[in-house]
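# Observations on chain architecture
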Number of protein chains: 4
Amino acid sequence: MTTDFHEHEFTIRLHDTDAAGLLFFGHLFRHAHDAFEAFMDMIGFPVDLMIRDGRMLLPLTHAEADYRRPLRHGDSVRVRVSVLEIRRRSFAIGYRFIDHLGEVAATARTVHVEVSADIAPVMDLSESLRLALSAYLADDAHTS
Amino acid sequence: MTTDFHEHEFTIRLHDTDAAGLLFFGHLFRHAHDAFEAFMDMIGFPVDLMIRDGRMLLPLTHAEADYRRPLRHGDSVRVRVSVLEIRRRSFAIGYRFIDHLGEVAATARTVHVEVSADIAPVMDLSESLRLALSAYLADDAHTS
Amino acid sequence: MTTDFHEHEFTIRLHDTDAAGLLFFGHLFRHAHDAFEAFMDMIGFPVDLMIRDGRMLLPLTHAEADYRRPLRHGDSVRVRVSVLEIRRRSFAIGYRFIDHLGEVAATARTVHVEVSADIAPVMDLSESLRLALSAYLADDAHTS
Amino acid sequence: MTTDFHEHEFTIRLHDTDAAGLLFFGHLFRHAHDAFEAFMDMIGFPVDLMIRDGRMLLPLTHAEADYRRPLRHGDSVRVRVSVLEIRRRSFAIGYRFIDHLGEVAATARTVHVEVSADIAPVMDLSESLRLALSAYLADDAHTS
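Here's a quick rundown of the structure. As the structure is a computational prediction, the values presented were derived from the model and not from experiment.

Criteria and thresholds
Residues numbered from 1 in each chain as written. Chains lettered and ligands numbered in written order. Predicted model: local features only at pLDDT ≥ 70, side-chain atom pairs only at ≥ 80, totals over all residues. Heavy atoms only, no water. Helix = DSSP H or I, 4+ residues; strand = E, 2+ residues; numbered from the N terminus. Buried < 20%, exposed > 50% of the residue type's maximum accessible area, 1.4 Å probe, protein only. Least-squares fit on C-alpha atoms with pLDDT ≥ 70 in both. Salt bridge = Lys/Arg side-chain N within 4 Å of Asp/Glu carboxyl O. 1 Å grid on protein atoms, 1.4 Å probe; cavity = no way out; pocket = protein on both sides within 12 Å on 5 of 7 lines; lining within 4 Å. Points joined across faces, edges and corners; volume = space filled by probe spheres on them. Nonpolar A, V, L, I, M, F, W, Y, C, P; charged D, E, K, R; others polar.

## Overview of the overall build of chain A
Of the regular secondary structure elements, chain A holds three helices and eight strands. Counting from the amino terminus, helix and strand elements in chain A follow one another as β-α-α-β-β-β-β-β-β-α-β. For chain A, the spread of C-alpha atoms along the three principal axes comes to 45 × 35 × 20 Å. Counting every position in chain A, which comprises 144 residues, the buried fraction comes to 59%.

Laid out in structure tokens, this is it:
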């Protein structure tokens with residue numbers, strides 16, 4: 001599939017760094033979620049409207065990141081978003097953080113479950129959401 | 001008045017600092033609001049319940065801070081909270097950040113206006129809130 | 001002067017909001033500083049290089065903001081940066097946050113002092129910095 | 001072993017929450033690192049001094065969290081820190097976030113590698129650090 005990722009860019013700003021001079025690890029998740037929101041906007045499921053309407057919420061049940069290369073103040077970073085897995089009532093999003101040398105500086109993964117307005121898990125992912133996510137499923141991923 | 005301040009303590013942690021090795025200025029406001037919430041808990045107006053109930057909200061209309069001495073990673077800081085001013089429909093809270101040497105490292109001020117659940121400004125501060133705040137009014141402050 | 005501002009754009013993302021559903025006031029300063037860094041990049045004084053080199057630092061001595069209109073999750077915001085004042089050893093930067101309706105949702109101001117690598121205040125702003133800032137001085141501002 | 005954890009407490013404050021009314025997932029890592037720093041203070045390896053001295057740094061190579069129960073604005077949370085694993089040149093720290101009902105609301109894990117001042121990985125963890133960590137190794141953990 002040709003369109004297996006969405007790309008989001010940002011610069012490491014002063015508040016992203018800490019006294020050790022590099023990105024504070026926890027802030028990577030803030031940038032991952034920015035990329036997630038931009039991705040969801042693109043596929044027609046804007047997170048802000050979903051929360052405001054309260055019909056469908058996608059809370060995280062898991063988040064993780066691997067840090068491979070230091071990210072410094074001023075570095076430009078591109079985030080490549082892809083859908084790693086689609087399960088019955090949850091899905092996993094992958095993030096690759098590419099530094100200005102084209103190297104993967106970090107990767108991250110978030111798992112989201114669909115819940116209804118009363119925070120009860122749904123039986124199955126909404127069909128429209130499943131369809132929208134499927135178009136960005138990574139080639140080596142699998143649905144269930 | 002003997003009880004003109006409430007004290008809140010915290011330590012400058014890694015995520016508070018930036019690549020220059022000191023507290024990132026914007027994070028001072030996060031700590032100020034932590035102290036504000038602890039103060040509001042103490043005087044019987046917990047911010048979390050107020051937001052959940054939606055009866056009364058106290059959004060900020062102004063915030064400011066002066067930075068006098070550097071705050072470094074690992075520093076212990078005490079925040080002294082006082083009520084600087086009570087006006088017809090708003091009030092100002094003052095914060096003094098005292099470092100481990102007993103010096104004032106920074107000061108801050110936030111102005112809050114009372115609004116009803118539909119975000120319309122109220123005519124007058126709730127009488128119970130005015131009373132609760134008054135007990136912590138700084139000696140040199142004045143109401144209107 | 002025609003070029004009295006630099007414009008920076010961002011979207012209010014989930015982590016910018018709080019349980020009251022609006023931008024958490026303290027995060028406005030993070031966005032202001034992002035705009036400041038983009039501005040400093042543009043005028044040839046990138047903050048990341050200045051910190052790395054340690055020759056010249058521009059710590060804040062003051063920050064303030066006024067909140068006029070609510071900023072909600074998903075809102076697009078443009079930040080207009082201008083130089084408000086140039087003094088002997090310090091300068092003030094102004095920020096106007098324009099919402100998607102073209103209204104000023106918030107304003108902010110930061111005051112920066114130039115210090116040398118050993119954190120001692122300099123006698124005078126570097127001439128090159130003074131010159132670079134001057135080109136963006138707001139029409140109604142004044143130097144000293 | 002009786003002392004297999006260190007406990008750290010905090011309250012979910014307004015800036016921890018997002019428009020969905022719950023803890024923003026990324027902020028859990030900020031609290032985890034606060035607990036890590038308090039733990040390292042206790043065992044005699046204060047992170048702030050280590051960064052200032054630059055002799056030994058402990059950057060993260062991995063971080064992950066599982067979210068089990070919602071954490072709301074105003075909730076008191078206790079964090080239990082333990083050492084999950086000690087390897088040749090890295091170690092893993094575990095965090096259990098206990099809510100006011102005594103339930104585990106979230107768990108997290110961070111992996112740290114020891115590097116020298118020039119950011120080169122060391123051959124082996126410092127013996128003094130290995131010893132200090134060992135005293136807090138969870139009963140079901142293992143060294144290598």
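Next comes the rest of the write-up.
## A short note on the relation of the copies chain D and chain A
The transformation that overlays chain D on chain A combines an axial shift of 0.0 Å with a rotation of 180°, and the residual RMSD is 0.0 Å. Expressed as a symmetry operation, the mapping of one chain copy onto the other fits a two-fold axis. Among all residues of chain D, the one whose C-alpha sits closest to the rotation axis is Glu64 of chain D, at a distance of 2.0 Å.

## A word on the pattern of salt bridges
Applying the stated criterion across every chain, the model contains 36 salt bridges over all chains. A salt bridge links Glu7 of chain D to Arg80 of chain D, with the nearest nitrogen and oxygen atoms 3.1 Å apart. Residue Glu7 of chain D is located in strand β1 (residues 6-11), and its partner Arg80 of chain D is located in strand β4 (residues 76-86); the two are separated by 73 residues in the primary sequence. Residue Arg80 of chain D is classed as partly exposed on the basis of its relative accessible area of 25%. Via salt bridges that share partners, Glu7, Arg78 and Arg80 of chain A belong to a single interconnected network.

## Comments concerning the layout of surface pockets
In this structure, the largest pocket spans a volume of roughly 910 Å³. Along the walls of the largest pocket sit 39 residues, with Ala20, Leu22, Leu23 and Pro70 of chain B together with Pro59 of chain C positioned nearest its centre. Mapped by element, the contributors of at least two residues to the lining of the largest pocket are β6 (104-113) of chain B, α1 (27-42), α2 (47-53), β2 (56-57), β3 (60-67) and β6 (104-113) of chain C together with α2 (47-53) of chain D. A per-class count over the lining of the largest pocket returns 27 nonpolar, five polar and seven charged.

So, to be careful, I would describe these as geometric facts and stop short of saying anything about function.
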